[in-house]
Amino acid sequence: MDRDAAFTAFLDTHQRPLLRLCYLLTGEVHLAEDLLQSVLVRMLGRWPKLRHIDNLDAYARKALVNQYISWRRRRGSGEVLRSELPERAHSSEDSAVLRIVLRQALMRLTPKQRAVLVLRFYEDRTEREVAELMGCSVGTVKSQAHHALARLRALAPELASYLPVLNDDPAWNEGARR
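Let me begin by describing the structure that accompanies this report. All of these numbers come straight from a predicted model, not from anything done at the bench.

Moving on to the packing of aromatic side chains. To describe a pair of aromatic rings, one takes the distance between the centres and the angle between the planes. Counted under the stated rule, the structure contains three aromatic pairs. Centroid distance Phe7 to Trp47: 5.1 Å. Interplanar angle 80°. Geometry classified as edge-to-face. A residue pair is termed long-range when its members are at least 10 positions apart, and Phe7 in helix α1 (residues 3-26) and Trp47 in helix α3 (residues 47-50) qualify at 40 residues. You can call Phe7 buried: its relative accessible area is 7%. The buried category is assigned to Trp47, whose relative accessible area is 2%. Ring pairing ties together the aromatic residues Phe7, Phe10 and Trp47, which thus form one cluster.

Here's what the structure looks like:
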């Protein structure tokens, strides 16, 4: 299989899930597309070496998380934090409203905290897998998740009943539910 065909096969299999990860990290469709494109362009340039890697999906995810965090450091958030949260709809049971509230609260987390929550809870990865993808220790993942969930509870109390409670139970912390 030539270089272009192998890369195209990788894209056919992984592009949608990678774009979904990018969207969850950035919170914006256009930024997600830009993030994915920048990483895929780099991967294509390195494809002769990369195609021999056993888990290209994990490599791509790690590259996306690293590139996202790098972008956020350089560009800043551009968001203006207010002392009061905007008014919300009265029906806290409405799932559309909850998704909007969750998205707004996620956008106010640090890039690393958001990446930990997306990888850990949306993609249902173990702490060890998240640590490998982010290039940090398991303790850092636990700490970032703890602080991120506490911040989400403070930013959007109506989400508290939907957020996981982290404790010292090894079955929960090591993702034994798999």
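The structure having been displayed, the exposition proceeds.
So, about the side chain of Glu123. Considering the arrangement of structural elements, one finds Glu123 in the loop between α6 (111-122) and α7 (127-134). Given a relative accessible area of 19%, Glu123 falls into the buried group. Here the side chain of Glu123 touches Arg125 through a polar contact of 2.9 Å, side chain to side chain.

Let us look at the pattern of salt bridges. One pass over the structure, following the stated rule, counts three salt bridges. For Asp57, the salt bridge goes to Arg61, with nearest N and O atoms at 3.1 Å. Placement of the pair is Asp57 and Arg61 together in helix α4 (residues 56-75), with a separation of four residues, close to one helical turn. The partner of Arg61 in a salt bridge is Glu123, with the nearest N and O atoms 2.4 Å apart. Of the two residues, Arg61 sits in helix α4 while Glu123 sits in the loop between α6 and α7, which places them 62 residues apart along the sequence.

What counts and how
- Residues numbered from 1 in each chain as written.
- Predicted model: local features only at pLDDT ≥ 70, side-chain atom pairs only at ≥ 80, totals over all residues.
- Heavy atoms only, no water.
- Phe/Tyr/Trp six-rings, centres within 6.5 Å; stacked < 30°, edge-to-face > 60°.
- Helix = DSSP H or I, 4+ residues; strand = E, 2+ residues; numbered from the N terminus.
- Buried < 20%, exposed > 50% of the residue type's maximum accessible area, 1.4 Å probe, protein only.
- Polar contact = N/O pair within 3.5 Å; in protein donor to acceptor, adjacent residues only side chain to side chain.
- Salt bridge = Lys/Arg side-chain N within 4 Å of Asp/Glu carboxyl O.

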